[in-house]
Protein chains: 2
Amino acid sequence: MYVAVMGCGIVGSGVVRLISKNREGIKKRRMTDLEVKHILDIRDFPDSPFAELFTKDFNDILGDDDVKVVVETMGGLHPAFEYVSACLKAGKSVVSSNKLLVSQKGYELLQLAKDNNVNFLFEASVAGGIPIIRPIVQCLAANEVEEIAGILNGTTNFILTKMIVEKMSFADALALAQKNGYAEADPTADIEGLDACRKICILASIAFGSHVYPESVYTEGITSISESDVAYANDMGAVIKLIANAKKISDDKIEIATAPAIIFRGSQLAGVSDEYNAVLVRGDAIGDVVFYGKGAGRFATASAVVADVADCAIHLERRKYFGWDEAKENYVSDYGKHQQKFMVRVETDDAGAVRKVFGDVRVLNRENAPENEFAFVTPVMSLDEVKRELASLPVTIGNIIRITDY
Amino acid sequence: MYVAVMGCGIVGSGVVRLISKNREGIKKRRMTDLEVKHILDIRDFPDSPFAELFTKDFNDILGDDDVKVVVETMGGLHPAFEYVSACLKAGKSVVSSNKLLVSQKGYELLQLAKDNNVNFLFEASVAGGIPIIRPIVQCLAANEVEEIAGILNGTTNFILTKMIVEKMSFADALALAQKNGYAEADPTADIEGLDACRKICILASIAFGSHVYPESVYTEGITSISESDVAYANDMGAVIKLIANAKKISDDKIEIATAPAIIFRGSQLAGVSDEYNAVLVRGDAIGDVVFYGKGAGRFATASAVVADVADCAIHLERRKYFGWDEAKENYVSDYGKHQQKFMVRVETDDAGAVRKVFGDVRVLNRENAPENEFAFVTPVMSLDEVKRELASLPVTIGNIIRITDY
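All of these numbers come straight from a predicted model, not from anything done at the bench. (Residues numbered from 1 in each chain as written. Chains lettered and ligands numbered in written order. Predicted model: local features only at pLDDT ≥ 70, side-chain atom pairs only at ≥ 80, totals over all residues. Heavy atoms only, no water.)

Asker: Pulling in residues and values, what's your account of the overall build of chain A?
Answerer: Assigned secondary structure in chain A consists of 14 helices and 16 strands. Taken over the C-alpha trace, chain A has a radius of gyration of 23 Å; the compact-globule value for 406 residues is 22 Å, and the two agree within 12%. Once the C-alpha set of chain A is aligned to its principal axes, its extents read approximately 75 × 45 × 35 Å. When the accessible surface of chain A is summed, it comes to about 15,600 Å², and 47% of that surface belongs to carbon and sulfur atoms. The averaged location of the 57 negative side-chain charges in chain A is 4 Å from the averaged location of its 44 positive side-chain charges. (Helix = DSSP H or I, 4+ residues; strand = E, 2+ residues; numbered from the N terminus. Rg over C-alpha atoms; globule rule 2.2 N^0.38 Å. Areas by Shrake-Rupley, 256 points an atom, 1.4 Å probe, with all protein chains shown as cover. Lys, Arg positive; Asp, Glu negative; His and termini not counted. Charge placed at Lys NZ, Arg CZ, Asp CG, Glu CD.)

Asker: Describe the relation of the copies chain A and chain B, listing the residues and the values that go with them.
Answerer: Superposition of the two copies of the chain requires a rotation about an axis together with a shift along that axis. Screw-axis analysis of chain A against chain B gives a translation of 0.0 Å along the axis, an RMSD of 0.0 Å, and a rotation angle of 180 degrees. Such a combination of turn and shift is consistent with a two-fold rotation axis. Looking at the rotation axis and the C-alpha trace of chain A, the residue lying nearest is Phe-291 of chain A, at 2.5 Å. (Least-squares fit on C-alpha atoms with pLDDT ≥ 70 in both.)

Asker: Explain the sheet that holds strand β4 (residues 67-72) of chain A to me, and be specific about the residues and the numbers.
Answerer: Residue and element names in this part refer to chain A. Within the open sheet, the six strands sit side by side as β3-β2-β1-β4-β5-β6. Their pairing is parallel. Each edge of the open sheet carries a strand with a single partner, namely β3 (54-55) and β6 (120-121). Where strand β5 (residues 93-96) and β6 come together, two bridges link them in parallel fashion. When the bridges of β6 are listed, Val-95 appears paired with Leu-121. (Pairing = 2+ DSSP bridges.)

Asker: Describe the sheet that holds strand β2 (residues 35-40) of chain B, with residues and values.
Answerer: Residue and element names in this part refer to chain B. Within the open sheet, the six strands sit side by side as β3-β2-β1-β4-β5-β6. Their pairing is parallel. The sheet is open, and its two borders are formed by β3 (54-55) and β6 (120-121), each paired with just one other strand. Where strand β1 (residues 2-6) meets strand β4 (residues 67-72), five bridges bridge the pair, whose relative direction is parallel. Its bridge partner being in β4, Met-6 is matched across the sheet by Glu-72.

Asker: So, the environment of Thr-219 of chain B: which residues are in play, and what are the values?
Answerer: Residues and elements named next belong to chain B. Checked against the element boundaries, Thr-219 lands in strand β8 (residues 218-219). Sequence spacing of Thr-219 and Lys-37 is 182 residues, and the spatial spacing of their C-alpha atoms is 41 Å. Among the polar contacts listed, one links the side chain of Thr-219 to the backbone oxygen of Val-217, at a separation of 2.9 Å. (Polar contact = N/O pair within 3.5 Å; in protein donor to acceptor, adjacent residues only side chain to side chain.)

Asker: Talk me through the pairing of strand β1 (residues 2-6) of chain A; I want residue IDs and the actual numbers.
Answerer: All names here are of chain A. Where burial is concerned, most of β1 is hidden: four out of the five residues are buried. With five bridges joining them, β1 and strand β2 (residues 35-40) adopt parallel strand pairing. What sits directly across from Ala-4, in β2, is His-38. (Buried < 20%, exposed > 50% of the residue type's maximum accessible area, 1.4 Å probe, protein only.)

Asker: How would you sum up the side chain of His-211 of chain B? Please name residues and give values.
Answerer: Residues and elements named next belong to chain B. With respect to the element layout, His-211 can be found in the loop between α10 (194-208) and β8. With relative accessibility at 2%, the residue His-211 sits in the buried group. In this structure the side chain of His-211 is engaged in a polar contact, spanning 2.7 Å, whose partner is the backbone oxygen of Ser-103. Side-chain polar atoms of His-211 contact the backbone nitrogen of Tyr-107, separated by 3.3 Å. In this view, His-211 contacts Val-102, Ser-103, Gln-104, Lys-105, Gly-106, Tyr-107, Ser-205, Trp-324, Asp-325, Glu-326 and Ala-327; residues no more than four positions away in its chain are not counted. (Contact = heavy atoms within 4.5 Å.)

Asker: Outline the interface of chain A and chain B, supporting the account with residue identities and numerical values.
Answerer: Taken residue by residue, the interface counts 49 residues in chain A and 48 residues in chain B. In total, chain A and chain B occlude about 4,300 Å² of area from one another, counting both sides; carbon and sulfur atoms represent 51% of this. For the pair chain A and chain B, the number of links is six salt bridges. As a salt-bridge pair, Asp-284 of chain A and Lys-21 of chain B come within 2.5 Å of each other at their nearest N and O atoms. Taken together, chain A and chain B are joined by 22 residue pairs in polar contact (both at pLDDT 80 or more). Elements supplying a minimum of two residues to the side of chain A that touches chain B: α1 (10-21), α2 (23-30), α6 (133-139), β12 (287-294) and α12 (298-314) of chain A. It is β12 of chain A that provides the largest number of residues to the side of chain A that touches chain B, a total of eight residues. Of the residues that constitute the side of chain A that touches chain B, the class distribution is 25 nonpolar, 11 polar and 13 charged. Judged from the three bridges that link them, β12 of chain A and strand β12 (residues 287-294) of chain B form a sheet pairing that is antiparallel. In the sheet register, Tyr-292 of chain A faces β12 of chain B, and the bridge partner there is Val-290 of chain B. (Buried area = accessible area lost by both parts, 1.4 Å probe. Salt bridge = Lys/Arg side-chain N within 4 Å of Asp/Glu carboxyl O. Nonpolar A, V, L, I, M, F, W, Y, C, P; charged D, E, K, R; others polar.)

Asker: Before we move on, could you go through the packing of aromatic side chains and cite the residues and values that matter?
Answerer: Enumeration according to the criterion identifies 21 aromatic pairs over all chains in this entry. Look at Phe-58 of chain B and Tyr-83 of chain B: their rings are 4.0 Å apart centre to centre, the planes differ by 0 degrees, and that puts the pair in the stacked class. In this pair, Phe-58 of chain B sits in the loop between β3 and α3 (59-62) while Tyr-83 of chain B sits in helix α4 (residues 80-89), placing the two residues 25 residues apart along the sequence. For Tyr-83 of chain B, a relative accessible area of 23% puts it in the partly exposed group. An aromatic cluster is built from Phe-120, Phe-122, Phe-322 and Trp-324 of chain A, whose rings are joined through pairwise contacts. (Phe/Tyr/Trp six-rings, centres within 6.5 Å; stacked < 30°, edge-to-face > 60°.)

Asker: Account for the packing of α4 of chain B against helix α5 (residues 99-115) of chain B, with residues named and values stated.
Answerer: All names here are of chain B. Orientation of α4 relative to α5, taken along the N-to-C sense of each, is 15 degrees, at an axis distance of 10 Å. Put simply, α4 runs roughly parallel to α5. Here α4 and α5 pass one another in a crossing that is right-handed. Across from Ala-80, Phe-81, Val-84, Ser-85, Leu-88 and Lys-89 in α4, the residues of α5 making contact are Leu-101, Lys-105, Glu-108, Leu-109, Leu-112 and Ala-113. A per-class count over the contact of α4 with α5 returns eight nonpolar, one polar and three charged. (Axes fitted to C-alpha atoms, helices over the stretch in contact; angles between N-to-C directions. Parallel < 35°, antiparallel > 145°, perpendicular 65-115°, else oblique. Left-handed = near helix turned anticlockwise from the far one by under 90°.)

Asker: Can you break down the pattern of salt bridges residue by residue, with the values?
Answerer: Should their charged atoms come close, side chains of opposite charge can pair. Residue and element names in this part refer to chain A. All chains considered together, the criterion is met by 54 salt bridges over all chains. The partner of Glu-147 in a salt bridge is Arg-282, and the shortest N-O contact between them spans 3.7 Å. Taken together, the residues Glu-147 in strand β7 (residues 145-151) and Arg-282 in strand β11 (residues 276-283) connect sequence positions 135 residues apart. We classify Glu-147 as buried; its relative accessible area is 9%. Arg-282 gets classed as buried once you look at its relative accessible area, which sits at 16%. Between Lys-337 and Asp-384 there is a salt bridge, and its shortest N-O distance comes to 3.6 Å. In this pair, Lys-337 is assigned in the loop between α12 and β13 (341-348) and Asp-384 in helix α14 (residues 383-391), connecting sequence segments 47 residues apart.

Distances and angles like these do not, on their own, reveal function.
Shown next as structure tokens:
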């Protein structure tokens, strides 16, 4: 079965090499023989062992009836969206690793796939190679999924791990991540939480059945996390992680957010270190299941892409049922009103006033804290309420970090 | 689509209730409408809300052409094997949670399913509700699986957790497990490792492509683990877990074992506590992935069964490709020759003699150790060699526990 690959960057080149390397094994395991016929890229790769497969003309793929499955590993919205749409309309199944594309255009593309009786699969768009989309759809099909929470961005998890384990500052940890190739020169999408947000949108769309757009989701990165926050979390027996999570409230309402969160040690998510990812899925029958592994990297991500390609090849004549409805109005609840506990760090000369307002709070300690620093755990309340109460007090806010029970 | 359930114990009754409870959701997610038509059990259930579905006659199921999928949750080899065989021959797909059946008769039953163009699925037979079989087959299809290691028995993991965290003795921890319903009155199959062994045989069969019989696998339970072993492991920064693992050496040779193992803290498997299960899969593209969750329990296990039932319903007319070859001769290597490190605990008045034989070993310490107790870490060597060396020394062997790098 002939395959075309659009975009020969890290993941795309991994896909080409993995299909070539494990072709016999895939044939044995999945009864389908995969072969890459075209590779689309605007760059030249004269030294590639696959040099003769390269083209700069998308029509070489679109017009080739032998090509039944097209891989999109270009990234970005355009022209990925136009190319994928054209392929689906031409009766080709498409496999994508592009979380931006799926989080923004997933509903439209799934509809296009349905209308043209082909498949649009994107296991690699969330948590790299870790199997998560197919397990939710197939393996947990007997469950009502109640909640999903994940460490979905390896860059920020690497940075936070260095801050927790080696007491590095955020700036030093970011610099190290860049040096090690875990963070890009412009790390905005990672450290501001945008990347993790796109991924939880995809998971929420699948698990709860309606498209969720990243724009509708409260998103906070890790740039505000200080070494003192890490130390106070440690005093609670906890760590700080960038958590993207979504919870079903009713058929018409979900809670969803991407923001730092305090996670108690002993939880499976707390033990996820360095550049690793993990996704916790809470189902009404299964309870909590956690999927852990590498969330990025050439071959880890290619592993998920190629598995989808094999699935498309097997399902050429019979579409897999897989999709979700369009976005619902007022579906995403206001994050400021979510009821939860928070760790609050303030500067104040009047901790007594803070205690008077927040009640009998748990006070946190760290070594070498300035005398006017006060950190505590709030009762269950909303972020709006926390901010309103703090605004009435003689304090300078240091940070406010939610506490989760994952 | 009509379903029959054979065996209405913990799991079977969970299947009936889960299909009833989540029928609408399953219909929406998987486009298949499941309904239980018969429940086979030799017992009477006059107060069950499903009382009118019960039968004591297997032929009520076998002869009913409306029933396309049969669930086997009876346990045991007989008559489960005969009933499942008869159903497959009659053109019915079968879903089983029975690890004894699959580990002993998997190859035969998969062949029967193939010959009759139906499906035989058994996700629930390993690690309860945790998705593991389908992810290996489908999601990791692009990988050559190199190694699998799991905590596959909740009872023993509960006991070891109590020994590690609460410093309980084995006997007290076993009694607590029985009191809490995690261990049966006769706990032999759990504590002697037989249950975990059956499960790793199923995983090895799937991952490496040839049937592995439990009888061919070195199997050691946890009854020899003492509080002193736990303490010495702690001195290494590690914990003791019952690990079932399998590793591909070549197309014609695997290493496989079920035995206690020392796992360093910080590893994902080390953090798996209480009655939870986890499976680590090491693939050539993906690296390590870990699947974690409840390995037993009514609804967790039923979750996996019902997902398989839905998959059978969707694939009524088209068989899923899924299976393995028959057992190979000399396929399982001799465990006594596996090269690894060991923690050795002995009684001796001449630790110097031990050191002379084993070289510059790492010596371990614990509080309140008797003066003649000596514990150390061997170099990489085989269990046969360790035993041979010890036999030549003036020592009484306390325990020999392998050390893994998972």
